[in-house]
Amino acid sequence: MNRPKRKIPFFSISSSGILIILLISGIATSCSKDQSLNAPELTPFALEIPKGFPAPDIPADNALTENRVKLGKMLFFDKALSLDSSISCGSCHFAEHAFTDPRRFSLGVNDSLSLRNAMPIFNLAYNRSFFWDGGVPTLELQVLAPIENHLEMNLSLQEAEARIKQNPQYRELFRKAYNREPDLYGLVRAIASYERTLISGNSKYDKYVYQNDKSVLNPSELRGMQVFFGEKAECFHCHTGFNFSDQTFQNNGLYAEYADQGRARITGRNLDIGKFKVPSLRNLSYTAPYMHDGSLNTLEEVVQHYMSGGKNHPNQNPTIRPFTLTPEEQEDLIAFLKTLDDSEFVQKHSTIK
Ligand code: HEC
Ligand code: HEC
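Note that the structure is a prediction, hence the values are computed from the model and not measured.

**Quick word on the coordination of the iron atom of ligand 2**
For the iron atom of ligand 2, the protein coordination sphere consists of H239 (NE2) and Y306 (OH), at 1.9 to 2.1 Å. One can describe the site at the iron atom of ligand 2 as octahedral: its six donor atoms subtend angles covering 84 to 180 degrees at the metal. One end of the pair, H239, is in the loop between α9 (219–228) and β1 (249–250); the other, Y306, is in helix α12 (residues 299–308), and 67 residues separate them in sequence.

**Some remarks on the site of ligand 2**
As a structural note, the neighbourhood of ligand 2 is formed by 21 residues, with C235, C238, H239, H292 and Y306 the closest of them. Interatomic distance of 2.9 Å between a side-chain N/O atom of H239 and a nitrogen atom of ligand 2.

**With respect to helix α5 (residues 157–166)**
Every buried residue of α5 is accounted for by L157, A160, R163 and I164. Down the axis of α5, the buried set is contained in an arc of 120 degrees. They therefore lie on one face.

**Describing the environment of T248**
Secondary-structure assignment places T248 in the loop between α9 and β1. Sequence separation between T248 and D133 is 115 residues, and the spatial gap between their C-alpha atoms is 10.0 Å. For T248, the residues in contact, after removing those within four places along its chain, are F276, K277 and V278. Polar contacts involving the side chain of T248 include one to the side chain of Q250, which spans 3.0 Å.

**Some thoughts on the packing of aromatic side chains**
Taken as a whole and judged by the stated rule, the model has 20 aromatic pairs. Aromatic side chains F122 and F345 sit 6.1 Å apart centroid to centroid with 75 degrees between the ring planes, which places their arrangement in the edge-to-face category. Highlighted residues: F122 in the loop between α2 (66–76) and α3 (139–142) and F345 in helix α14 (residues 343–351), separated in sequence by 223 residues. Accessibility classification places F122 together with F345 in one group, the buried group. For the pair Y205 and F336, a centre-to-centre distance of 5.9 Å together with 80 degrees between the ring planes defines the contact as edge-to-face. With Y205 in helix α8 (residues 204–209) and F336 in helix α13 (residues 327–338), the pair connects residues that are 131 residues apart, well separated along the chain. With relative accessibility at 0%, the residue F336 sits in the buried group. Through pairs of rings, three or more aromatic residues link up here, namely Y205, Y210, F228, F229, F236, F244 and F336.

**Some points on the site of ligand 1**
Of all residues adjacent to ligand 1, which total 31 residues, the nearest are C89, C92, H93, F131 and W132. R116 is positioned with one of its side-chain polar atoms (N or O) 2.9 Å from an oxygen atom of ligand 1. One of the backbone N or O atoms of F131 is found 2.8 Å from an oxygen atom in ligand 1. At the level of secondary structure, the elements contributing two or more residues to the shell around ligand 1 comprise α3, α4 (144–148) and α7 (184–196). When its residues are assigned to classes, the shell around ligand 1 shows 19 nonpolar, eight polar and four charged.

**Quick look at the packing of α9 against α13**
Running from N to C, α9 and α13 cross one another at 95 degrees; their axes reach a closest spacing of 7 Å. What the angle tells us is that α9 and α13 run roughly perpendicular. Where α9 approaches α13, its residues S220, E221, R223, G224, M225, V227 and F228 are matched on the opposing element by E328, E329, D332, L333, A335, F336 and L337. Residue classes in the contact of α9 with α13 are distributed as seven nonpolar, two polar and five charged.

**A word on the packing of α12 against α13**
Orientation of α12 relative to α13, taken along the N-to-C sense of each, is 120 degrees, at an axis distance of 10 Å. On the basis of their axis angle, the class for α12 and α13 is oblique. At the point where α12 passes α13, the crossing takes the right-handed sense. Contacts from L299, E300, V303, Q304 and M307 of α12 reach α13 at Q330, L333, I334, L337 and K338. Looking at the contact of α12 with α13 residue by residue, the class counts come to six nonpolar, two polar and two charged.

**Describing unusual backbone geometry**
Each neighbour pair has its own omega, and for A288 with P289 the value is -5 degrees, a cis peptide bond. Following the sequence through the fold, P289 ends up in the loop between α11 (284–287) and α12. One non-glycine residue, N154, lies in positive phi territory at about 55 degrees. Along the chain, the position of N154 falls in the loop between α4 and α5.

**A short note on the pattern of salt bridges**
One pass over the structure, following the stated rule, counts 19 salt bridges. Salt-bridge contacts for D133 lead to R116; the nearest nitrogen and oxygen are separated by 3.0 Å. Placement of D133 in the loop between α2 and α3 and of R116 in the loop between α2 and α3 is noted, with a sequence separation of 17 residues between them. When sorted by exposure, D133 lands in the same class as R116, which is buried. Among the ionic pairs, R321 bridges to E234, the shortest N-O distance being 2.7 Å. Residue R321 is located in the loop between α12 and α13, and its partner E234 is located in the loop between α9 and β1; the two are separated by 87 residues in the primary sequence. With relative accessibility at 46%, the residue R321 sits in the partly exposed group. Overlapping salt bridges, with partners in common, bring together E41, E172, R175 and K176 in one network.

Rules used in this analysis
Every chain is numbered on its own, with residues counted from 1 as its sequence reads. Naming scheme: in the order in which they are written, chains are lettered from A and ligands are numbered from 1. Where totals are concerned, whole chains, interfaces and linings use all residues; where local detail is concerned, this predicted model gives features only for residues with pLDDT of at least 70, and gives and counts side-chain atom pairs only at 80 or more. Side-chain measures were taken over the full set of non-hydrogen atoms in the model, leaving aside hydrogen atoms and water. A donor here means any N, O or S atom no more than 2.8 Å from the metal (3.2 Å for Na, K and Ca); water is not included, so a site may seem to lack partners. Irregular is the default label, applied whenever a site is not tetrahedral (four donors, all angles between 85 and 135 degrees) and neither square planar nor octahedral (four or six donors, opposite donors over 155 degrees apart, all other angles between 65 and 115). Working definition: helices are DSSP H or I runs of at least four residues, strands are E runs of at least two. Numbering for both runs from the N terminus. Throughout this document, a residue counts as near a molecule or strand when at least one of its heavy atoms sits within 4 Å of that molecule or strand. Distance and chemistry together define a polar contact, namely a pair of N or O atoms within 3.5 Å, with one atom able to donate a hydrogen and the other to accept it when in protein, and with adjacent residues in sequence counting only for side-chain atoms on both sides. For the exposure calls, accessible area comes from a 1.4 Å probe over protein chains only, and a residue counts as buried if that area is under 20% of its type's maximum, exposed if over 50%, partly exposed in between. The reported arc concerns the directions from the helix axis to the C-beta atoms and nothing else. Residue contacts are counted whenever heavy atoms from the two residues lie within 4.5 Å of one another. To pair, rings of Phe, Tyr and Trp, with the six-membered ring standing in for Trp, must have centres within 6.5 Å; the planes then decide the type, stacked if under 30 degrees apart, edge-to-face if over 60, and tilted in the middle. Each residue gets one label: Ala, Val, Leu, Ile, Met, Phe, Trp, Tyr, Cys and Pro are nonpolar, Asp, Glu, Lys and Arg are charged, and the others, such as Gly, are polar. Orientation is described by lines fitted to C-alpha atoms, with helices fitted over the stretch in contact, and by angles between N-to-C directions that extend from 0 to 180 degrees. Each angle is binned into one of four classes, with values under 35 degrees roughly parallel, values over 145 roughly antiparallel, values of 65 to 115 roughly perpendicular, and all other values oblique. Crossing handedness: left-handed means the near helix sits turned counterclockwise from the far one by under a right angle, and right-handed means the same turn made clockwise. We count a salt bridge whenever a side-chain nitrogen from Lys or Arg sits within 4 Å of a carboxyl oxygen from Asp or Glu.

Structure follows, in structure tokens:
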């Protein structure tokens, strides 16, 4: 087994980028208070929190307002944030796929291939870390990674800032949102604000459990729920809580040797090789292919993988071990997983673009 060679995440931030991060995160300035408190247009954004979901943590310096969310959405779909103005965040995070990419690896500028399968964007307001390896601690900081990444948008942060400054529409919107000129400080906060509004919690499962509508699940889905929460399949040990992720990093036995070291890229520890963030299982009908490298195309393949007990990497979690489900139980389990689809969420965001 290889030792992790470098402790760097998949994106690398240049030294000028580090200075910019300090500036935008308010460490090098006195921006710890919300600067826009004296801005005129501060209508709070009415975030709808589904039944059974906790209130998400919103950073004190980036309260959600209508104008911030509106600005963030424009920036999210703005191709000017890539070197040749061909790619926006939305070019890899498609609303109709719960904001992920149906391709195994996404195409960035100059048709370069991403190194991992894109992740969906919903319920991120609840997450403690971002990316498959958890290498980024906040949604605001995450925004910089794809802009600078040479395989994705490949634009220097200085150039990104220069471009938004030139756009008169942004001048007006940044003033309304953050009471300042277009800059990276507002850009990262606006995009993060938009992402925080993407909450998905109206699936059949939610109706059954949190809205107490016991008629929504059919017998097969109910049997599948027993399998999911049972001690044979053990799915719930990691895919747990309202978002079906305990947010830990686990090796689920996908490979005997990992080409992508996963969490070990961040921590440098051998014990973390092949560990990836436990993903939410919501909206799986929209988010194929599956796993960090998009190597499994269908839910049938996923269930086969877990039944096989994995490839026995030394870091494989001990709950991943061989088990047998009858063909009917396999179908039931998949039927249950599909009760976590929230078609309303997908449709709502696909139509308003
Ligand atoms: C070229 C394709 C591409 C573009 C463009 C892109 N992303 Fe991504 N995104 C990815 C991939 C691939 C990952 C997974 C990367 C990893 O884990 O190393 C990802 C992961 C993420 C995550 C982490 C989600 C989680 O659950 O941890 C967020 C948030 C995100 N992207 C937002 C954005 C935003 C905002 C933009 C625009 C500024 C953007 N992306 C542009 C491909 C892309
Ligand atoms: C030991 C913790 C653990 C257990 C138990 C577990 N999983 Fe996972 N699951 C993970 C991790 C970690 C990943 C991501 C692995 C990767 O990308 O390499 C994952 C990925 C998935 C994915 C892909 C999601 C996506 O967005 O790509 C599905 C579907 C899935 N698991 C379903 C299940 C089912 C069904 C069970 C029970 C049979 C189960 N899991 C048991 C940890 C676990």
